[in-house]
Amino acid sequence: MSSTRSHKHEEIGRALGVKPGSEFHAEPEGAIAVATIAGTATAVPPYLLTRDIVKQRIGDVFSLDGKRLEAIHTVIDNSQIDQRHSVFPVEYIIEPRPLAQINNEYREKSFELGLQVAADSLAKAEMAPSDVDLLMTVSCTGVMIPSLDAYLATEMGFRTDVRRLPITELGCAAGAAGLAHAREYLRAFPDRTALLVAVELPTLTFQRKDFSQANLISAVLFGDGAAGVVVTGREAAGPRILASECYLFPDSLDAMGFDLRDS
């Protein structure tokens, strides 16, 4: 095989500021970039919200009785969710708190869970923080500036040149979107590694004064937790991400979401 670079590769090299004769290698046309899931981890907080606890509390919290209470109990039973996890006991969750306090709680608890899954997923991949080239975090149940990835990078000792990508406001699809971005990144840089950390704390978004059907149902479905995944283009054992697509449903802005407010 000839070692002479094509004119196209030379143009790319010049655009990136690579000096002639330096070690610059563009991916050959037709080459298949690999995105392997090398390590995964999950974490949940210690407090439990069982089905019975929710059924006992929801009537008093939302002032429900009669047929409305029977209806929401039916929803709880049909959800087939035996238990969920929460960062705080149910007695604390249902009490009104200022938005600033809730957001401080989000910052503290999301960092705790994010740190755990980041460390555990790297350990399972037999990698160190210094091996990570792209650090992504996904979350929509609180606001942090700097974002969660900055806290993780500082605490865990990631390289100073690690690329960071915080993704917010994607809701339930955020983890899947993060994996798609990891694959796209590795297609561009096949010899690199990405770490994705997803943290959601929906119990902190509990709206006590919202009596809408959507809020009542969300109060019986979602629990707190975190997950981490190491995706690499290097040689590694594990399942591979083969393809990804994105589709935006027209006129769907009201399909899912919540309003950030005191309640």
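Structural notes, computed from the coordinates.

Basis of the calculations
- Residues numbered from 1 in each chain as written.
- Predicted model: local features only at pLDDT ≥ 70, side-chain atom pairs only at ≥ 80, totals over all residues.
- Heavy atoms only, no water.
- Core = buried A, V, L, I, M, F, W, Y, C linked by side-chain atoms within 4.5 Å.
- Buried < 20%, exposed > 50% of the residue type's maximum accessible area, 1.4 Å probe, protein only.
- Helix = DSSP H or I, 4+ residues; strand = E, 2+ residues; numbered from the N terminus.
- Contact = heavy atoms within 4.5 Å.
- Pairing = 2+ DSSP bridges.
- Axes fitted to C-alpha atoms, helices over the stretch in contact; angles between N-to-C directions.
- Parallel < 35°, antiparallel > 145°, perpendicular 65-115°, else oblique.
- Left-handed = near helix turned anticlockwise from the far one by under 90°.
- Nonpolar A, V, L, I, M, F, W, Y, C, P; charged D, E, K, R; others polar.
- Lys, Arg positive; Asp, Glu negative; His and termini not counted.
- Salt bridge = Lys/Arg side-chain N within 4 Å of Asp/Glu carboxyl O.
- Phe/Tyr/Trp six-rings, centres within 6.5 Å; stacked < 30°, edge-to-face > 60°.
- Lys NZ or Arg CZ within 6 Å of the ring centre and 35° of its normal.

The subject of this paragraph is the nonpolar core. Residues L122, F158 and L195 are the most contacted members of the largest nonpolar core, which totals 30 residues. Of all the elements in the fold, those that place two or more residues in this core are β1 (36-43), α5 (99-124), α6 (148-156), β6 (193-200) and β7 (225-232). Looking at this core element by element, the count peaks at six residues for α5. The residues contacting L122, other than those within four sequence positions of it, are M127, A128, P129, V132, M156, F158, L195 and V230. One finds I37, A174, A194 and V229 within the second-largest nonpolar core, a separate group that totals 15 residues.

Let us now look at the pairing of β6. For a regular strand, side-chain orientation follows a simple rule: the groups alternate between the two sheet faces. The element β6 is largely enclosed, with a buried count of seven among its eight residues. Where strand β4 (residues 134-139) meets β6, five bridges bridge the pair, whose relative direction is parallel. By the bridge assignment for β6, T137 is matched with V197. With eight bridges joining them, β6 and β7 adopt antiparallel strand pairing. Considered in β7, the bridge of A194 is made with V231.

Moving on, we come to unusual backbone geometry. Of the consecutive residues I145 and P146, the connecting peptide bond is found in the cis state with omega at 5°. Positionally, P146 belongs in the loop between β4 and α6. The backbone of E126 shows a phi angle near 55°, a positive value even though the residue is not glycine. Looking at where E126 falls in the secondary structure, it is placed in the loop between α5 and β4. Phi angles above zero are rare outside glycine, and E169 is one such case at about 60°. Within the secondary structure, E169 sits in the loop between β5 (163-168) and α7 (174-188).

Our next topic: the packing of helix α2 (residues 51-61) against helix α3 (residues 66-78). The description of two packed helices rests on the angle between their axes and on the distance between the axes. Look at α2 against α3: their axes get within 10 Å of each other, and the N-to-C directions meet at 160°. On the basis of the axis angle, α2 is roughly antiparallel to α3. For the crossing formed where α2 meets α3, the hand is right-handed. Residue-level contacts link R51, V54, K55, I58 and G59 of α2 to L69, I72, H73, I76 and D77 of α3. When grouped by side-chain class, the residues that make up the contact of α2 with α3 number five nonpolar, two polar and three charged.

Bringing the side chain of R183 into the picture now. As for its position among the elements, R183 is in helix α7. One buried charged residue, R183, forms no salt bridge at all, with the nearest opposite charge on E184 at 5.9 Å. Residues in contact with R183, not counting those within four places in the same chain, are A35, I241, L242, A243 and S244.

Right, let's talk about the packing of aromatic side chains for a bit. Applying the stated criterion to the full structure yields four aromatic pairs. Ring plane angle 50° and centroid distance 4.7 Å describe the contact between F88 and Y92, whose orientation is recorded as tilted. The exposure class of Y92 is partly exposed, given its relative accessible area of 29%. Relative to F189, the ring of Y185 has its centre 5.2 Å away and its plane inclined at 45°; by these criteria the two rings are tilted. With relative accessibility at 9%, the residue Y185 sits in the buried group. Assessed through its relative accessible area of 26%, F189 is described here as partly exposed. Positioned above the aromatic ring of F189, the side-chain terminus of R192 is 4.1 Å from the ring centre.

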